[in-house]
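So you can see what is in the structure, the chains are spelled out below.
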Amino acid sequence: MGNRRQKSLSKSIQSALTRDPDRFKKSALGKLIAFFSVYRIKLVRHEKILFDQLRQDIWELNEDEYRGSFHTTRGQPPLKTMGDLGYSGSTFFSTLDAHFLVKSLPRHFEYSFFEGNLLQPYFEYMSQHPDSLLVWITDYIIAPYVTLGTIFGFTPARHIIMENALCGKDEDPAAEGWETYDLKPIDYFFPERDLLPEALVSEETLSKLADTFSDKLHLWRADYEKFWESIQDDTKFLEEANAVDYSLFLVRIPASSEPTVRGRASPWRIGLSSADGRWKYRAAVLDFFYARHKLQAQALSGVVQTFNVIGRQGPMTITTTASEYRAKFLAMIAGFITVH
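For every chain, the first residue of its written sequence is number 1, and the numbers climb from 1 along that sequence. Note on the predicted model: pLDDT of at least 70 is required for a residue's local features to be given, and 80 or more for side-chain atom pairs to be given and counted; whole-chain, interface and lining totals, by contrast, use all residues. Only heavy atoms go into the side-chain values, all of them from the structure, while hydrogens and water stay out.

- By the naming in an unreviewed UniProt entry, the protein goes by PIPK domain-containing protein and is assigned to Penicillium antarcticum.

See the structure below:
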């Protein structure tokens, strides 16, 4: 069933990128028929013009190449399945050329925050900060009509398309030397990890919660100052949006590697050379869809605070403030940087 679900969903996503959302309107009968869809639901681009402007005008992505990433020949799957990762229930796909990822947003408090609070500010911020470390979200795809599949959670109704920080790895002869780290402040207590019995979650899922980086980023002074200014601006934007629980996705690439990227040639996208000559660094800020003010976050905070009275587990990302999380996030990054 899972394989059928993922195949149907990948085809729906691929079709959405070629469908004109303004012409996709159903009659009352069409909506009724669509309601009984379970796996192969209809999806359309949300705020198409906004994302067109980001891709073409701000990030300088070639539109033909972008569409080509989602085009397949007969016999090929539309997208490469990456499975259901993490505790959120999100489904992940990759384009066959590995340039872009598709992530579902199945939780109401995530997509309602993104749609209602973050989308327009994200567009404005990225337009003014084209070299931002915030991950490039290149499209947002939604189901315009209610279906049985979305009601019962068989098929997610909302998906973001974002750049893959690992693009170019598959073609690199030194691919085995690539290292990835998904970094959050480690002094937080994570309810997903620390409240759920290990019997209920796999080791693979646990391993994706948060990593530690025990080495140093070796940066030249000029590179450090530009990076630090950018990460401060980015996290200030997230603080003002009241976002918490985001992470820094760090990639270390062997210095001999020359992976390619598309679009605007920002240093931390291409691969910034380390001051010690051993690595190239890529970095992106991910998963900024958790807002402290959303109803579910507030409800979970009450549960967590009650639990902490008994368990005394310490501070948690869902009970912290956006300013406190930002301060700890910046302190984490500062702790593993060496300036030359």
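### Section: the pairing of strand β4 (residues 100-104)
- Among the 5 residues of β4, 5 are classified as buried, and the element is accordingly described as predominantly covered.
- Covered by surrounding structure in β4 are Phe 100, Val 102 and Ser 104 together with Leu 101 and Lys 103, the residues of both alternating faces.
- Pairing analysis gives 3 bridges linking strand β3 (residues 91-94) to β4, with the strands arranged antiparallel. If you follow Phe 92 over to β4, its bridge partner there is Lys 103.
- Pairing between strands requires that DSSP locate at least two bridges from one strand to the other. A run of H or I in DSSP becomes a helix once it reaches four residues, and a run of E becomes a strand once it reaches two; helices and strands are each numbered from the N terminus. Between β3 and the antiparallel strand that follows it, β4, lie 5 residues; Ala 98 among them carries a positive phi value of about 65°.
- Pairing of β4 with strand β6 (residues 158-163) involves 5 bridges; the strand directions are antiparallel. Looking at the pairing, Ser 104 lines up with His 159 of β6. Residue burial is assigned from relative accessible area. The probe radius is 1.4 Å, only protein chains are included, and a residue is buried under 20% of its type maximum, exposed over 50%, and partly exposed in between.

### With respect to unusual backbone geometry
- One non-glycine residue, Ala 98, lies in positive phi territory at about 65°.
- Mapping Ala 98 onto the fold places it in the loop between β3 and β4.
- Classification of Ala 98 as buried rests on a relative accessible area of 8%.
- The phi dihedral of Asp 245 is positive, around 75°, even though this residue is not glycine.

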